[in-house]
Amino acid sequence: MPKVLVVEDDLVFSYLIQYHLELNHYVVEAVKTGAEGLSRLEQRIFDLAILDWMLPDMLGLDVCKRFRAQGGTTPILILTAKNTSEEKAAGLDSGADDYIVKPFDPTELLARLRALLRRPSGWTGKLLRVRDVELDTTTYRVTRAGKEIDLALKEIAILELLMRHPNQRFTAETMLQRLWRSDVSASVETVRTHMKTLRKKLNDSDENALIKTTRHLGYRIVDESC
C-alpha cells in the first residue's frame, strides 16, 4: 500500500484525487499549502508526492527544489494547467520526476504513479521480489520459494512496505503511522504482534533471517543483492 502525499489547495480536486487513489489501495495524506507539503516531506516517509504547480504560498516547483536541495529523493509528480514545452521543462528541471496536465483522466494519473513507483530497488514489473519471496502488487499473492503463503491484509501491507525499501529500517512507530493511520485503537504493540505473525507465516528463522530486527532502530528486509 504505497503512501502518497497530495499537495493541492483546490479541495474538490484534492478530494477527487484522494478518492481515486484510495480506491486503488493507496494510503493518502493531503495538505493545502506548499509549506505544509515541504514540512510533511521533511518529517515523514512517502513513496510518492503529488504537487500542484500553483499553491497559495509558493509554487509547487519551489517546494520540489527545496526538497531536492535537502537531499530528498521521494518521486514527485507535478499537477499543472500549463501545457507549453518551456513550462513542462521548468517542472522537470525543478527536480520533479513527471508532470500531468489538468484536466486529466484518473486512469492516466494512476498509470503515471505506477510508473514512478516501479523505480525503487526491488521492483520488477508487477512483482516485488526479495530473495525467494515474491509479492504480486496487483493480486497481493505472496509466495516464498514458489509456495503460496496466506497473509492477512495488514501483514501484506507490512511486507510490501519492507520490500519496496529493501535494507531500509522502519521503526514500529513509523509503521503504525503509515499503515494504521486511521485506527485509533492500534498501538506499537499491534505492529509488533503483526510482525511476529508475519515472520512465522514466512517461516523466517533467526538464522539467515529475511526480516531482521534491531533494537531501537526497527525492522528491515535483508536483500544482499542491493
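Residues numbered from 1 in each chain as written. Predicted model: local features only at pLDDT ≥ 70, side-chain atom pairs only at ≥ 80, totals over all residues. Heavy atoms only, no water.

Participant: Hey, could you run me through the packing of aromatic side chains in this one?
Facilitator: Two numbers describe a pair of aromatic rings. These are the distance of the centres and the angle of the planes. In the structure shown here, the tally under the stated rule is two aromatic pairs. Plain terms: the ring middles of F13 and F104 are 5.6 Å apart, the flat faces sit at 85 degrees to each other, and that makes the pair edge-to-face. Note that F13 is positioned in helix α1 (residues 11–23) and F104 in the loop between β5 (98–101) and α5 (106–117), a separation of 91 residues in sequence. In this structure F104 comes out as buried when scored by relative accessible area, which is 16%. Directly above the aromatic system of F13 lies the positively charged group of K102, at a separation of 4.7 Å from the ring centroid. In this structure, K154 packs its charged tip against the face of W180, placed 5.1 Å from the ring centre. (Phe/Tyr/Trp six-rings, centres within 6.5 Å; stacked < 30°, edge-to-face > 60°. Helix = DSSP H or I, 4+ residues; strand = E, 2+ residues; numbered from the N terminus. Buried < 20%, exposed > 50% of the residue type's maximum accessible area, 1.4 Å probe, protein only. Lys NZ or Arg CZ within 6 Å of the ring centre and 35° of its normal.)

Participant: Hey, could you run me through the pattern of salt bridges in this one?
Facilitator: Where side chains of opposite charge bring their charged atoms close, a pairing between them can arise. Applying the stated criterion across every chain yields a total of 14 salt bridges. Here E29 and R40 are joined by a salt bridge, their closest N and O atoms 2.6 Å apart. With E29 in strand β2 (residues 27–31) and R40 in helix α2 (residues 34–43), this pair connects stretches of sequence that are 11 residues apart. Under the relative-accessibility criterion, R40 is labelled partly exposed at 22%. One salt bridge connects K201 with E155, and the closest N-O pair in it is separated by 2.9 Å. (Salt bridge = Lys/Arg side-chain N within 4 Å of Asp/Glu carboxyl O.)

Participant: How should I be thinking about the packing of helix α7 (residues 172–179) against helix α8 (residues 188–201) in this particular structure?
Facilitator: Think of two packed helices as two axes; the pair is described by the angle between the axes and how far apart they sit. Closest axis-to-axis distance for the α7/α8 pair is 9 Å, and the angle between their directions is 95 degrees. As summarised for this structure, α7 and α8 are arranged roughly perpendicular, according to the angle between their axes. Facing α7, whose interface residues are A172, E173, M175 and L176, α8 presents V188, V191 and M195. Taken together, the residues of the contact of α7 with α8 sort by class into six nonpolar, no polar and one charged. (Axes fitted to C-alpha atoms, helices over the stretch in contact; angles between N-to-C directions. Parallel < 35°, antiparallel > 145°, perpendicular 65-115°, else oblique. Contact = heavy atoms within 4.5 Å. Nonpolar A, V, L, I, M, F, W, Y, C, P; charged D, E, K, R; others polar.)

Participant: When you look at the environment of I221 in this model, what are you seeing that I'm missing?
Facilitator: Relative to the assigned elements, I221 resides in strand β12 (residues 218–221). On the basis of relative accessible area, I221 is assigned to the buried category, the value being 0%. Along the sequence, I221 and N167 sit 54 residues apart, while their C-alpha atoms lie 5.4 Å from each other. What I221 contacts, discounting residues up to four positions off in sequence, is V130, L159, L162, M163, P166, N167, L210 and I211.

Participant: Please explain the sheet that holds strand β4 (residues 76–80) as it appears in this structure.
Facilitator: To summarise the sheet geometry, strands pair through backbone hydrogen bonds and adopt either a parallel or an antiparallel arrangement. Overall, parallel pairing links the five strands, which are arranged β2-β1-β3-β4-β5 in an open sheet. The sheet terminates laterally at β2 and β5, the two strands that pair on one side only. Strand-to-strand twist in this sheet, taken as the mean axis angle between neighbours without regard to direction, amounts to 20 degrees. Of the strand pairs in this sheet, strand β1 (residues 3–7) and strand β3 (residues 48–52) are connected by four bridges, and their pairing is parallel. Bridge pairing in β3 links V7 to L51. (Pairing = 2+ DSSP bridges.)

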